[in-house]
Amino acid sequence: MIVTIDGPAASGKSTTARAVALALGFDYLDTGALYRCLTLAALEAGVPPEAGDALDALLQGLTIKYRYHKGRIFLRLGGRDVSEAIRGVEVTAGASAYSALPAVREHMVAFQRQYARGRDLVAEGRDMGSVVFPDAELKIFLVADPTERARRRARDFRGQGRAVDAGTVQAELERRDALDSGRDHSPLIRPAGAVEIDNSRMTIDEQVAAVMRLAAERRPARRVSPEELLWPVTDDAAGVARAERMRAGYRVTRAFLRGVMKLVFNTRYHHEERGRVPGPLLVASNHIGYLDPPAAGSAVHRELTFVAKRELFRLAPFAALIRYYNAVPIERGAFDRACFDTLRRRLQAGGAVFFFPEGTRKPVGWLGRAKFGLGLMAHESGAPVLPVYLRGTDRPLRAVLRRSRIDVYLGRPLHIAPLLDRGVRGRELYDLFGEGVMAEIARLQDEAGGIRGSGAA
Ligand code: DC
């Protein structure tokens, strides 16, 4: 899926596009940075915009490497890191002139389409929805008052320790607007089919939420439904008894935690009987707050193993405490093979593992994609997955004050076997299974009456 975000300078495109990309788990393409890169190369080589052949030669020899990782972009120009250098004053002032040139645009458009191939992407610029990705599933056109944009830009400059005058900033913005909108090739326009959002009086969170709602509506249809993956829960009394064997200390503290969740945090549990699954089990929930593990852990009648970021193990007493509750350290960023192996061993021994399939926390109301680790674990261990939907754990204080409550919904256990029977293999298998699990969590969200639903007391 491709989401395009176009708009004038300082309209909040980058902030919005980055936040949306992170929340969706999509890649992010900052095309302004590419034009800046070319501008830097031209300025350094002393090639002015009107140079014609010299500029063509420069374009031919240009090697730009663009990489996005976890909210940051990295740009290399001929092997040199220019991620900082392209933000300089001269480059900013010069970019409009270079980016108006047809040869430059042709080059960049090819680069951008090539980059987008096979990716889920949020692409930000001036001509994303109109020229580069006219078939994008969602096109956003962001606008804001010129005075508001000048105010934001001046604030950014001050944040960087630069003294600026608001009037000068506004004049410079208006000059760039005129250049970007008035040029013959790919001027800044509202693309056909774009949704216009005026963010002059919106907070960043509001803008992001607005784009996310639209993205949820436009997301391509599901390729798998939870109904296809239902795992027949057998009435295996011995198995249930085995599954319920918790260490005495765990059992007692779990009961205590449940009391605290109910009495202090105003928690309700729904469909608890679905948690009585014997044998190896993966419990997978959405992730919106720090109370998620205790909320889900107190709902499922099993002793759970869970994953905690390695940093949490630094403080020895705390490390001892979470280890008692079966925490396994995970290295974030890359795929942590050692952690994965530990979880697999626990599953092989008949244990239950608690897992956030989306990885990091997501804004409330948005269900992201499952990472491939969930499908991989389900496949290698043969364990069913119990989907869990959590609501209200992002606002524990409201629950304590009885202004809202926490809800924990257990879903129907799902199994990867039907996909194997369909002949699905490899990465596709993990992606599809992840989609099925997230679809069941989405179904629970609907059942709960949406993101706030009746949870607001
Ligand atoms: O968004 P930005 O300030 O980083 O953009 C830098 C310059 O590149 C700006 O002058 C407009 C131009 N640009 C463009 O012409 N087309 C795009 N798709 C993106 C940026």
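Above: the structure in question.
Residues numbered from 1 in each chain as written. Predicted model: local features only at pLDDT ≥ 70, side-chain atom pairs only at ≥ 80, totals over all residues. Heavy atoms only, no water.

## Notes on the environment of Glu-106
The topology assignment puts Glu-106 in helix H5 (residues 102-116). What makes Glu-106 exposed here is its relative accessible area of 62%. When the C-alpha atoms of Glu-106 and Arg-151 are compared, they prove to be 34 Å apart, with 45 residues separating the residues in sequence. (Helix = DSSP H or I, 4+ residues; strand = E, 2+ residues; numbered from the N terminus. Buried < 20%, exposed > 50% of the residue type's maximum accessible area, 1.4 Å probe, protein only.)

## A closer look at the sheet that holds strand E12 (residues 327-330)
Judged by pairing direction, the sheet is mixed, and its seven strands sit side by side in the order E9-E15-E14-E10-E13-E11-E12 without closing on themselves. The sheet is open, and its two edges are formed by strand E9 (267-270) and E12, each paired on a single side. The average undirected angle you get between the axes of adjacent strands in this sheet is 25°. Helix H12 (residues 292-299) contacts E9, strand E11 (304-309), strand E13 (352-355), strand E14 (385-391) and strand E15 (406-410) of the sheet and is inclined by roughly 125° relative to E14. (Pairing = 2+ DSSP bridges. Axes fitted to C-alpha atoms, helices over the stretch in contact; angles between N-to-C directions. Contact = heavy atoms within 4.5 Å.)

## Observations regarding helix H1 (residues 13-24)
In this model H1 runs 16 Å from its N-terminal to its C-terminal C-alpha over twelve residues, within 8% of the 16 Å that 1.5 Å per residue would give. Residues of H1 that are buried make contact with strand E1 (2-6), strand E2 (27-30), strand E3 (64-69), strand E6 (121-125), strand E7 (138-143) and helix H9 (204-218). (Expected span 1.5 Å × (residues − 1).)

## Focus on the nonpolar core
By size, the foremost hydrophobic cluster in this structure holds 58 residues, and its most contacted members are Tyr-66, Leu-75, Val-122 and Phe-133. No other element matches helix H2 (residues 31-45), which puts eight residues into this core. When residues no more than four places from it in sequence are discounted, the contact partners of Tyr-66 are Tyr-28, Leu-29, Asp-30, Leu-34, Ile-73, Phe-74, Leu-75, Phe-111 and Tyr-115. (Core = buried A, V, L, I, M, F, W, Y, C linked by side-chain atoms within 4.5 Å.)

## Describing the pairing of E14
Of all seven residues in E14, seven are buried, a share of seventy percent or more. The alternating pattern of E14 places Val-385, Pro-387, Tyr-389 and Arg-391 on one face and Leu-386, Val-388 and Leu-390 on the opposite face, and all of these are buried. Pairing analysis gives four bridges linking strand E10 (residues 281-285) to E14, with the strands arranged parallel. Paired with Val-283 across the strands is Leu-386, a residue of E14. Sheet analysis places E14 next to E15, joined by four bridges and oriented antiparallel. When the bridges of E15 are listed, Tyr-389 appears paired with Tyr-409.

## Comments concerning the site of the ligand
Near the ligand lie 15 residues; those nearest to it are Arg-36, Arg-105, Asp-127, Arg-176 and Arg-183. Side-chain polar atom of Arg-176 to an oxygen atom of the ligand: 2.8 Å apart, as the coordinates give it. In isolation the ligand exposes 450 Å². Once the protein is present, 97% of that is buried. The set of elements that each furnish at least two residues to the shell around the ligand consists of H2, helix H4 (89-99) and helix H8 (166-182). The dominant element in the shell around the ligand, judged by the number of residues it contributes, is H2, at four residues. (Near = heavy atom within 4 Å. Polar contact = N/O pair within 3.5 Å; in protein donor to acceptor, adjacent residues only side chain to side chain. Areas by Shrake-Rupley, 256 points an atom, 1.4 Å probe, with all protein chains shown as cover.)

## Thoughts on the sheet that holds strand E4 (residues 72-77)
The three strands lie next to each other as E3-E4-E5, forming an open sheet whose pairing is antiparallel. Two strands close off the open sheet at either side, each with one partner strand: E3 and strand E5 (80-81). Here two bridges tie E4 to E5, and the two strands are oriented antiparallel to one another. Residue pairing in the sheet places Arg-76 in a bridge with Asp-81 of E5. Taken strand by strand, H2 contacts E3, E4 and E5, and its axis lies near 30° from that of E4.

## Description of the pairing of E7
Counting buried residues in E7 gives six out of six residues, a clear majority hidden from the surface. Going residue by residue along E7, you find Leu-138, Ile-140 and Leu-142 tucked away on one face and Lys-139, Phe-141 and Val-143 tucked away on the opposite face as well. Examined bridge by bridge, E1 and E7 share four bridges and lie parallel to one another. When the sheet's bridge partners are listed, Asp-6 is paired in E7 with Phe-141.

## Considerations on H4
The set of residues buried in H4 consists of Val-91, Thr-92, Gly-94, Ala-95, Ser-96, Tyr-98 and Ser-99. Looking at the buried residues of H4, the elements they touch are H2, helix H3 (53-61), H5 and H8.

## Here we look at the packing of H1 against H9
Running from amino to carboxyl end, H1 crosses H9 at an angle of 55°, the nearest separation of the two axes being 9 Å. Taken together, the axes of H1 and H9 lie oblique to each other. H1 and H9 meet at a crossing whose hand is right-handed. Along its contact with H1, which presents Thr-15, Thr-16, Ala-19, Val-20, Ala-23 and Leu-24, the element H9 presents Ile-204, Gln-207, Val-208, Val-211, Met-212 and Ala-215. Of the residues in the contact of H1 with H9, the class split is nine nonpolar, three polar and no charged. (Parallel < 35°, antiparallel > 145°, perpendicular 65-115°, else oblique. Left-handed = near helix turned anticlockwise from the far one by under 90°. Nonpolar A, V, L, I, M, F, W, Y, C, P; charged D, E, K, R; others polar.)

## Digging into the packing of aromatic side chains
Per the stated rule, a full pass over the model turns up eight aromatic pairs. Here the aromatic cluster, defined as three or more aromatic residues joined through ring pairs, consists of Tyr-250, Tyr-324 and Tyr-325. The ring of Tyr-290 is capped by Arg-361, whose NZ or CZ atom sits 4.5 Å from the centre of that ring. (Phe/Tyr/Trp six-rings, centres within 6.5 Å; stacked < 30°, edge-to-face > 60°. Lys NZ or Arg CZ within 6 Å of the ring centre and 35° of its normal.)

## A short note on the side chain of Glu-303
Within the element layout of this structure, Glu-303 appears in the loop between H12 and E11. Judged by relative accessible area, Glu-303 falls into the buried class, the value being 17%. A polar contact of 2.7 Å, which involves the side chain of Glu-303, links it to the side chain of Arg-247. A distance of 3.2 Å separates a polar atom in the side chain of Glu-303 from a polar atom in the side chain of Asn-326.

## With respect to the pattern of salt bridges
All told, the structure shown has 29 salt bridges when counted by the stated rule. Ionic pairing is found between Arg-87 and Asp-30, a salt bridge with its closest N-O pair at 3.2 Å. With a gap of 57 residues between them, Arg-87 in the loop between E5 and H4 and Asp-30 in strand E2 connect regions that are remote in the sequence. When its relative accessible area of 35% is taken as the criterion, Arg-87 is described as partly exposed. For Asp-30, a relative accessible area of 3% corresponds to the buried category. Overlapping salt bridges, with partners in common, bring together Glu-227, Arg-412, Glu-440 and Arg-443 in one network. (Salt bridge = Lys/Arg side-chain N within 4 Å of Asp/Glu carboxyl O.)

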